[in-house]
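Coordinates in review
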Amino acid sequence: MRILAIETTCDETAAAVLEDGKRLLSSVVYSQVGRHKVYNGVVPELASRAHCEKIAPVIAEALAPALANPRKGKSPVDAVAFSCGPGLPGGLVVGKVAAETVASLYGVPVIGVNHLEGHLYSCELEGDKVSRPLKFPLVALIISGGHTELWHVRKYGVYRLLGKTRDDAAGEAFDKVAKLLGLAYPGGPAVEKNAAAGAGELRFTKPLLPGTWEFSFSGLKTAVSYYLRDHENADAGKVCAAFQEALISTVVEKALAAAKSCRVGHIAMGGGVAANGTLRARLTGEAAKRGVKVSFVERRHCADNAAMIALCAWRMTRAGAGRNAPINPALGLRNWGR
Ligand code: KG4
Ligand code: ZN
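Residues numbered from 1 in each chain as written. Chains lettered and ligands numbered in written order. Predicted model: local features only at pLDDT ≥ 70, side-chain atom pairs only at ≥ 80, totals over all residues. Heavy atoms only, no water.

1. A closer look at the domain arrangement of the chain
Where the parts come together, the accessible area they lose is often given as the size of the interface. Worth spelling out the cut-off: All domain edges in this entry derive from an automatic or database-based domain assignment. A contact between two residues is defined here by any heavy atoms of the two lying within 4.5 Å. Buried area is a sum: the accessible area each of two parts loses on coming together, probed at 1.4 Å, counted once for each and added. What makes a salt bridge here is a side-chain nitrogen of Lys or Arg within 4 Å of a carboxyl oxygen of Asp or Glu, nothing more. Between N or O atoms, a polar contact is any pair within 3.5 Å; within protein, one atom must be a potential hydrogen donor and the other a potential acceptor, and residues adjacent in sequence are included only when both atoms are from side chains. For helices the rule is a DSSP run of H or I covering at least 4 residues; for strands it is a run of E covering at least 2, with both sets numbered from the N terminus onward. Side-chain classes are defined by residue name, with Ala, Val, Leu, Ile, Met, Phe, Trp, Tyr, Cys and Pro counting as nonpolar, Asp, Glu, Lys and Arg as charged, and the others, Gly among them, as polar.
Splitting the chain by domain gives domain 1 (2-127 + 301-318) and domain 2 (138-297). Facing the 19 residues of domain 1 at the interface are 25 residues of domain 2. Between domain 1 and domain 2, a total of about 1,700 Å² is buried, with carbon and sulfur atoms accounting for 71% of that surface. For the interface between domain 1 and domain 2, the tally reads zero salt bridges. Summed over the shared surface of domain 1 and domain 2, the number is seven residue pairs in polar contact (both at pLDDT 80 or more). Contributions of two or more residues to the side of domain 1 that touches domain 2 are made by α1 (33-36) and α4 (115-121). The greatest single-element share of the side of domain 1 that touches domain 2, amounting to five residues, is contributed by α4. Broken down by class, the residue content of the side of domain 1 that touches domain 2 amounts to eight nonpolar, six polar and five charged.

Following this line, the structure appears as structure tokens:
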């Protein structure tokens, strides 16, 4: 079975084709970051326009290997999946219309996929292969520019939301701190790079919110802004290191406490912030001390992509749950596993 998937929730226009849930025939990502850089953040209207402009060429490129390898008596793909939320409304509309158009041309079904579930299943990808199956039960840490959430995952498609951020997502906090320091957008990689040279005595309070699985990063960002206001010649490296340390140790502590409380031996981490080397090393190291295994998404699949949407659609199809869905910018977790 070949699934074409389309991803347009934020500022990446992406399409991918997955064959038999095993191998990617293609994964094409057009990043709009260059268009949003000057504004230091994603401008929704510009994002929608860029999706409109790029969606057809991106889909054409993703379909090329499937078209070059026709299967006798079959259409080039057997289903078309798309991210139906959460995300920016303008992008979601483009993705849905594109998916339904291609699907109706080929006479195949449409599958709506939760973008955040895609980030979880991206952990199963190894290059263009699906060769690292998740081990259940597990705690999922989905950590990106728009979301920071902890889930208990009993098996494919069976979730319980433990907690999410009350305000800024972790990636958003990285981006805002980078902006305060005049660093390039997106801020995560820039803050990480500066932090590497800046470890020192400076500390910011960890926003732990004891007794809950929720997160809150806006106070930490405000603490950074007050520090910069009061220290005109602050060392950017030291500020980045202290901010990153407070954020990462909070996230790691909470993920491990969640694993302990849910009595699970695995943690899976996906999303753009999962590219952070310090976070990867800290989570693995601390988890190992407690006998917990961590699987995280490969760096190349951290940012938004359609390969992860195709893989989630494949898992849903196997469970008999692959079906069309309305777009929902605030889509929450829904169970489909059996
Ligand atoms: O998953 P993603 O591509 O988009 C969303 O779904 O939000 O994540 C993008 C976010 C941005 O906020 C970016 O600054 C952050 O991931 N990010 C990082 C790193 N690389 C990207 N944050 C911390 N360290 C990094 N190395
Ligand atoms: Zn994402």
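Once you've had a look at it, read on.
2. Brief notes about the packing of aromatic side chains
What counts is decided by this rule: A pair of Phe, Tyr and Trp rings is counted when the ring centres sit within 6.5 Å of each other, with Trp represented by its six-membered ring. The angle between the planes then sorts it: under 30 degrees is stacked, over 60 is edge-to-face, the rest tilted. Burial status follows relative accessibility: with a 1.4 Å probe on protein chains alone, a residue under 20% of its type maximum counts as buried, one over 50% as exposed, and anything between as partly exposed. Definition used: whenever NZ (Lys) or CZ (Arg) falls within 6 Å of the ring centre and also within 35 degrees of the ring normal, the charge is taken to sit over that ring.
Tallying each qualifying case throughout the model produces six aromatic pairs. Here Phe136 and Tyr156 contribute two aromatic rings whose centre-to-centre distance is 4.7 Å and whose plane-to-plane angle is 75 degrees, an arrangement assigned as edge-to-face. Taken as a pair, Phe136 in the loop between β7 (129-130) and β8 (138-143) and Tyr156 in the loop between β9 (148-155) and β10 (158-164) lie far apart in primary sequence, 20 residues in all. For Phe136, a relative accessible area of 24% gives the class partly exposed. With a centroid separation of 5.3 Å and 65 degrees between ring planes, the pair formed by Trp151 and Tyr159 is classed as edge-to-face. In this pair, the class of Trp151 matches that of Tyr159, namely buried. Counting every residue linked through ring pairs, the aromatic cluster contains Tyr121, Phe136 and Tyr156. Looking at Lys54, its charged tip hangs above the ring of Tyr30, at a distance of 4.8 Å from the centre. Here Lys254 stacks its cationic end above the ring of Phe215, 5.8 Å away from the centre of that ring.

3. Quick notes on the packing of helix α6 (residues 187-196) against helix α8 (residues 236-261)
This is how the line gets drawn: All axes here are fitted lines through C-alpha atoms, helices being fitted over the stretch that makes contact, and every angle between N-to-C directions spans 0 to 180 degrees. For classification purposes, an angle smaller than 35 degrees is called roughly parallel, one larger than 145 roughly antiparallel, one from 65 to 115 roughly perpendicular, and anything else oblique.
At a minimum axis separation of 7 Å, α6 and α8 run at an interaxial angle of 110 degrees. Classified by the angle their axes make, α6 and α8 are roughly perpendicular. Side by side, α6 and α8 meet where Val191, Glu192, Asn194 and Ala195 of the first sit next to Ala236, Gly237, Cys240, Ala241, Phe243 and Gln244 of the second. Residue classes in the contact of α6 with α8 are distributed as six nonpolar, three polar and one charged.

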